Amino acid sequence: MNLRELVSALNDFASPALAESWDNVGLLVEPSPPHTVNTLFLTNDLTEEVMEEAVQKKADLVLSYHPPIFTPLKRVTWKTWKERLVVRALENRIGIYSPHTAYDAIPHGVNNWLTKGLGPCTSVPLHPSTAPSSPAEGTHHVEFCADAEQLDAVLSRIKDIPEISCLTTLPARVEGEEQTRVSLNCSQKALLEVVALLSQNSLLYHKTEILLLQKPLLPHTGMGRLCTLREPVSLSAIIEHVKGHLQLPHVRVAVGAGRTLESPVKKAALCAGSGSSVLKGTEADLYLTGEMSHHDVLDAVANGISVILCEHSNTERGFLSELRDALAVHLQNKINIIVSEKDRDPLQVA
């Protein structure tokens, strides 16, 4: 497949618009076009060892769940390992694409895969995603009526305000008088200027309606998951389920205040990777994530919530084999898709 065609298909699989605003997702390194992709190489982390594997296996595009370029690079030299990744990629005509939190949000993504470690359950996002393109523009909708004497002057000044969109005018009859109804969409910043302008004329201001444009929530899409188990299960049994699902010999456990390893778990909140900010404040019997700060664990335990920590990438990496199969179907088996054998969590139990 042509690289740009493949990137478009990957974006259809998980829209980059679903990623968190702080994230860096999409095509990060692009070899000079045209670039054909015969082999897509999947990894959780793109380290130098993994890049060497990608070169040896003649990959044309690396899909790295974590973005190897996150903070801006001021230069591309051989000095630091992340700069060397870019150099190696371009020298070997390998593109780099990262989906990261877009894969956390989608219904068929990392967090849904992680729920399988709990056993039979139903789940909903902890922080639902909103439709990225609805409404198309603006955060607020403003309508007001003006007579012929006011209209031209008001419209002239409104058109000078940045971040105004969907400006329309329609004839209207107000209290028996012929007037013009003006409608527009605007940003929060522009709204302040629009209101300041209209408030200079009390007749205009009192005829003004302002609506907050709410974007609809996307079903089954968003950050984290709140899971309700089909039947209550003891914490010790959940620990064994999680270890089996993630293929780990050990996990770290903090038992909530007033609970024991045999206490039943009915509701579990989870978040792949680093879960503190997503899980914080959620009422549940259990938090399952890769890593949390010491003080956030203490807060959870004090509130009677047990915590299972598996190390950051251990809660993500196992998804890659499921992703390989899903992408094969999505891409109609047009390219070879392989999963890294060198990719691993940097932390070990010694």
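Residues numbered from 1 in each chain as written. Predicted model: local features only at pLDDT ≥ 70, side-chain atom pairs only at ≥ 80, totals over all residues. Heavy atoms only, no water.

Quick reminder of the rule: UniProt positions are given in the numbering used here, feature names are shortened, and annotations may be inferred rather than shown by experiment.
The protein chain is annotated in an unreviewed UniProt entry as NIF3-like protein 1 of Pomatorhinus ruficollis. Its UniProt record gives the protein chain a comment under Sequence similarities (unreviewed entry), which states: "Belongs to the GTP cyclohydrolase I type 2/NIF3 family." Per its UniProt entry, the protein chain bears the Subunit (unreviewed entry) comment "Homodimer. Interacts with COPS2. Interacts with THOC7."

Digging into a nonpolar patch on the surface
We count it as follows: Exposure above 30% relative accessible area and no salt bridge define the residues that can form patches, which grow by joining like charges within 9 Å and nonpolar side chains of Val, Leu, Ile, Met, Phe, Trp and Tyr within 5 Å. Accessibility throughout is a Shrake-Rupley quantity obtained with a 1.4 Å probe, and a residue counts as covered only by protein chains that appear here. Any carboxyl oxygen of Asp or Glu that lies within 4 Å of a side-chain nitrogen of Lys or Arg is treated as forming a salt bridge with it. Numbered from the N terminus, helices here are DSSP runs of H or I no shorter than four residues, and strands are runs of E no shorter than two. When a residue's accessible area, from a 1.4 Å probe over protein chains only, is under 20% of the maximum for its type it is buried; when over 50% it is exposed; and in between it is partly exposed.
Where nonpolar side chains cluster on the molecular surface, the patch consists of Val-253, Val-255 and Leu-261 and spans about 200 Å² of accessible area. Secondary-structure assignment places Val-253 in strand β13 (residues 252–254). With relative accessibility at 36%, the residue Val-253 sits in the partly exposed group.

Observations concerning the sheet that holds strand β10 (residues 209–212)
Note the following rule: What makes two strands pair is DSSP finding at least two bridges between them. Structural elements are reduced to axes, namely lines fitted to C-alpha atoms, with helices fitted over the stretch in contact, and the angle between N-to-C directions of any two is expressed from 0 to 180 degrees. Any two residues whose heavy atoms approach within 4.5 Å at even a single point are treated as in contact.
Pairing in this open sheet of 4 strands is antiparallel, and the strands run β8-β9-β7-β10 from one edge to the other. Edge positions in the sheet fall to β8 (164–174) and β10, since each has one partner strand and no second. Here the strands of the sheet are splayed against their neighbours by 15° on average, with no regard to which way each runs. Lying over the sheet, helix α7 (residues 188–198) contacts β7 (140–146), β8, β9 (177–186) and β10, oriented at roughly 20° with respect to β7.

Describing the sheet that holds strand β5 (residues 121–124)
Strand order in this open sheet of 6 strands is β5-β12-β14-β15-β16-β13, and the pairing throughout is mixed. The sheet is open, and its two borders are formed by β5 and β13, each paired with just one other strand. In this sheet, adjacent strand axes meet at a mean angle of 25° when their direction is disregarded. As judged from the 5 bridges shared by strand β14 (residues 264–274) and strand β15 (residues 286–291), these two strands associate in the parallel manner. The residue bridging Cys-271 from the neighbouring strand is Thr-289, located in β15. With respect to the sheet, helix α9 (residues 235–246) is in contact with β12 (225–234), β13, β14, β15 and β16 (306–309), its orientation differing from that of β12 by roughly 120°.

Overview of the domain arrangement of the protein chain
Stated formally: Where each domain starts and ends comes from a domain assignment, either automatic or drawn from a database.
The assigned domain composition of the protein chain is domain 1 (3–99 + 317–339), domain 2 (106–129 + 220–309) and domain 3 (140–212). Each of domain 2 and domain 3 has a C-alpha centre, and these two points are 50 Å apart.

As for the side chain of Ser-64
Within the secondary structure, Ser-64 sits in strand β3 (residues 61–64). The exposure class assigned to Ser-64 is buried, which follows from its relative accessible area of 0%. Discounting chain neighbours no more than four positions away, the residues touching Ser-64 are Thr-43, Asn-44, Asp-45, Leu-46, Tyr-97, Ser-98 and Pro-99.

Considering the packing of helix α2 (residues 48–56) against helix α3 (residues 81–91)
Two quantities define a packed helix pair, namely the angle between the helix axes and the distance between the axes. We apply this condition: Angular relationships are summarised with four words: roughly parallel below 35 degrees, roughly antiparallel beyond 145, roughly perpendicular across 65 to 115, and oblique for the angles in between. Following the grouping adopted for this structure description, the nonpolar residues are Ala, Val, Leu, Ile, Met, Phe, Trp, Tyr, Cys and Pro, the charged ones are Asp, Glu, Lys and Arg, and the polar ones are all others, Gly among them.
Two elements in contact, α2 and α3, have axes whose closest approach is 10 Å; the angle formed by their N-to-C orientations is 10°. With respect to α3, the element α2 is oriented roughly parallel. Seen from α2, the contacting residues are Glu-48, Met-51, Glu-52 and Val-55; seen from α3, they are Trp-81, Arg-84, Leu-85, Arg-88 and Ala-89. When grouped by side-chain class, the residues that make up the contact of α2 with α3 number 5 nonpolar, no polar and 4 charged.

A few points about the environment of Gly-281
Within the secondary structure, Gly-281 is located in the loop between α10 (276–279) and β15. Classification of Gly-281 as exposed rests on a relative accessible area of 71%. Sequence-wise, Gly-281 and Asp-299 are 18 residues apart; in three dimensions their C-alpha atoms are separated by 9.4 Å.

Some thoughts on α9
Keep this limit in mind: Helix span, expected: 1.5 Å multiplied by one less than the number of residues in the helix. Think of the arc as the fan of directions from the helix axis to the C-beta atoms.
With 12 residues, α9 should reach 16 Å at 1.5 Å per residue; the first-to-last C-alpha distance of 16 Å fits that figure. Those residues of α9 that fall on the buried side of the exposure criterion are Leu-235, Ile-238, Ile-239, Val-242, Lys-243 and Leu-246. The buried residues of α9 all sit within an arc of 135° when viewed along its axis, so they share a single face. The secondary structure elements touched by the buried residues of α9 are α5 (110–115), β12, β13, β14, β15 and β16.

Some words on the pattern of salt bridges
Under the definition given, this model contains 17 salt bridges. Here Lys-57 makes a salt bridge to Glu-53, at a shortest N to O gap of 2.9 Å. Looking at Lys-57, the relative accessible area reads 30%, which means it is partly exposed. With a closest N to O distance of 3.4 Å, Glu-240 and Lys-243 form a salt bridge. A residue pair is termed a helical-turn pair when its members lie 3 or 4 positions apart in one helix, as Glu-240 and Lys-243 do in helix α9 at 3 residues.

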